[in-house]
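Overview (structure and organization)
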Amino acid sequence: MLEEDVEIPMKVLIVGNGAVGKSSMIRRYCKGEYTNDYKKTIGVDFLEKKLSLNGEDLRLMIWDTAGQEEFDAITKAYYRGAAGCVVAFSTTDRDSFDAVEKWIGKVEAEVQQIPMVLVQNKIDLVDQSVVTKEEADQKAQAVSLRFYRTSVQDDFGVNDVFSYLADVYLKKMKAEESQAAIKAQNKTSNPQSSSPIKESFQGKSGAGIRLDVQGATGKQRAKAAKKGILASCSVV
Ligand code: GDP
Ligand code: MG
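Residues numbered from 1 in each chain as written. Chains lettered and ligands numbered in written order. Predicted model: local features only at pLDDT ≥ 70, side-chain atom pairs only at ≥ 80, totals over all residues.

1. Side note on helix α1 (residues 22-31)
Just so we agree on the cut-off: Between the buried cut of 20 or more and the exposed cut of 12 or fewer other C-beta atoms within 10 Å of a residue's own C-beta lies the partly exposed class, and all C-beta atoms are placed from the backbone. By definition, any uninterrupted DSSP run of H or I lasting at least four residues is a helix, any uninterrupted run of E lasting at least two residues is a strand, and each is numbered from the N terminus. Any two residues are considered in contact once their C-beta atoms, placed from the backbone, lie within 7 Å.
Summarising burial for α1: seven of the ten residues are buried, a large majority. Taken residue by residue, α1 has Lys22, Ser23, Ser24, Met25, Ile26, Arg28 and Tyr29 as its buried positions. In this structure, the buried side of α1 is in contact with β1 (7-15), β2 (46-53), β3 (56-63), β4 (84-90), β5 (116-121) and α6 (158-189). Looking one or two places after α1, you find Gly32, whose phi comes out positive at around 70°.

Put into structure tokens, the structure is as follows:
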């Protein structure tokens, strides 16, 4: 059990080509708002959303890209300290679907493996769809990601995406805490041993998340992550 009455900060990213609905998804989830106007910049670095899950309180900070994705100019600060990631494409934009692996690669190049999901957005636009559910499903399996279909416009599926990421993150933190406790115990009983403990953690999706436990508890890491997030706010 993690400490009570402590809000756990969680930085979440949304990556994907321009115009797939990333900014709209963040606004829909955090503020319950939606507009059809396509504004490339919403003028904020991230929006927040509080979430209670399995008795834990989380504060999700969901970062927006302000349109830099179109110029391949997303800064390292955007990725820094991320604890979850949505990889989004639009069902009406084939290029955005083909770019999914590129986006996963960019995230993995900047952050340790973090909980990630694949999202097919704009599924309300059935007549304009150029990506079938089946091929999207296949891609999700190929890249070992949980797959969600959303319509930000109709508020369909959006909450599930973030609840899932938060759930995987909480499980990961709890696993880290118990591993750190075991490591501390091992050190006491065998002070010579200094090999790092590694554990494979199986998420709900079946997607494996590898954890390298370096002695910090989940709570300590949350605090460190919080500092990283606050530091990066000022540079972006
Ligand atoms: P971003 O560039 O990825 O941040 O995309 P935006 O959030 O700016 O959205 C691009 C356009 O798609 C906007 O006009 C949105 O209103 C529209 N849009 C976003 N989500 C949906 C959706 O689920 N369905 C439909 N029909 N339009 C959407
Ligand atoms: Mg945007």
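2. Side note on unusual backbone geometry
Residue Asn54 is not a glycine yet carries a positive backbone phi of 50°. Counting through the fold element by element, Asn54 comes out in the loop between β2 and β3. C-beta crowding within 10 Å serves as the criterion here: with 10 such atoms nearby, Asn54 is assigned to the exposed category.

3. Details of the pairing of β4
Note the cut-off: A pair of strands is labelled paired if DSSP reports no fewer than 2 bridges between them.
By the criterion of burial, β4 is predominantly enclosed, with seven of the seven residues buried. The two faces of β4 match: Gly84, Val86, Ala88 and Ser90 on one face and Cys85, Val87 and Phe89 on the other face are all buried. Sheet topology places β1 next to β4; four bridges connect them, and they run parallel. Each bridged residue has a counterpart across the sheet, and for Val15 the counterpart in β4 is Val87. Judged from the six bridges that link them, β4 and β5 form a sheet pairing that is parallel. Note on β5: the bridge partner recorded for Val87 is Leu118.

4. Things to note about the site of ligand 1
Rule in force here: Here, nearness is defined through the C-beta atom: a residue counts as near a molecule or strand if that backbone-placed atom lies within 6 Å of it. Note that Gly is not counted as nonpolar here; it falls among the polar residues with everything else outside the nonpolar set of Ala, Val, Leu, Ile, Met, Phe, Trp, Tyr, Cys and Pro and the charged set of Asp, Glu, Lys and Arg.
In the neighbourhood of ligand 1, 16 residues make up the surrounding shell, with Gly21, Lys22, Ser23, Ser24 and Gln153 lying closest. Residues of the shell around ligand 1, tallied by class, amount to five nonpolar, eight polar and three charged.

5. A short note on the environment of Ile74
Examined against the element boundaries, Ile74 turns out to sit in the loop between β3 and α2 (76-79). Ile74 gets classed as partly exposed once you count the C-beta atoms within 10 Å, which come to 19. For the pair formed by Ile74 and Lys106, sequence separation is 32 residues and the distance between their alpha carbons is 9.8 Å. Setting aside residues no more than four positions away along its own chain, Ile74 makes contact with Thr65, Gln68 and Glu69.

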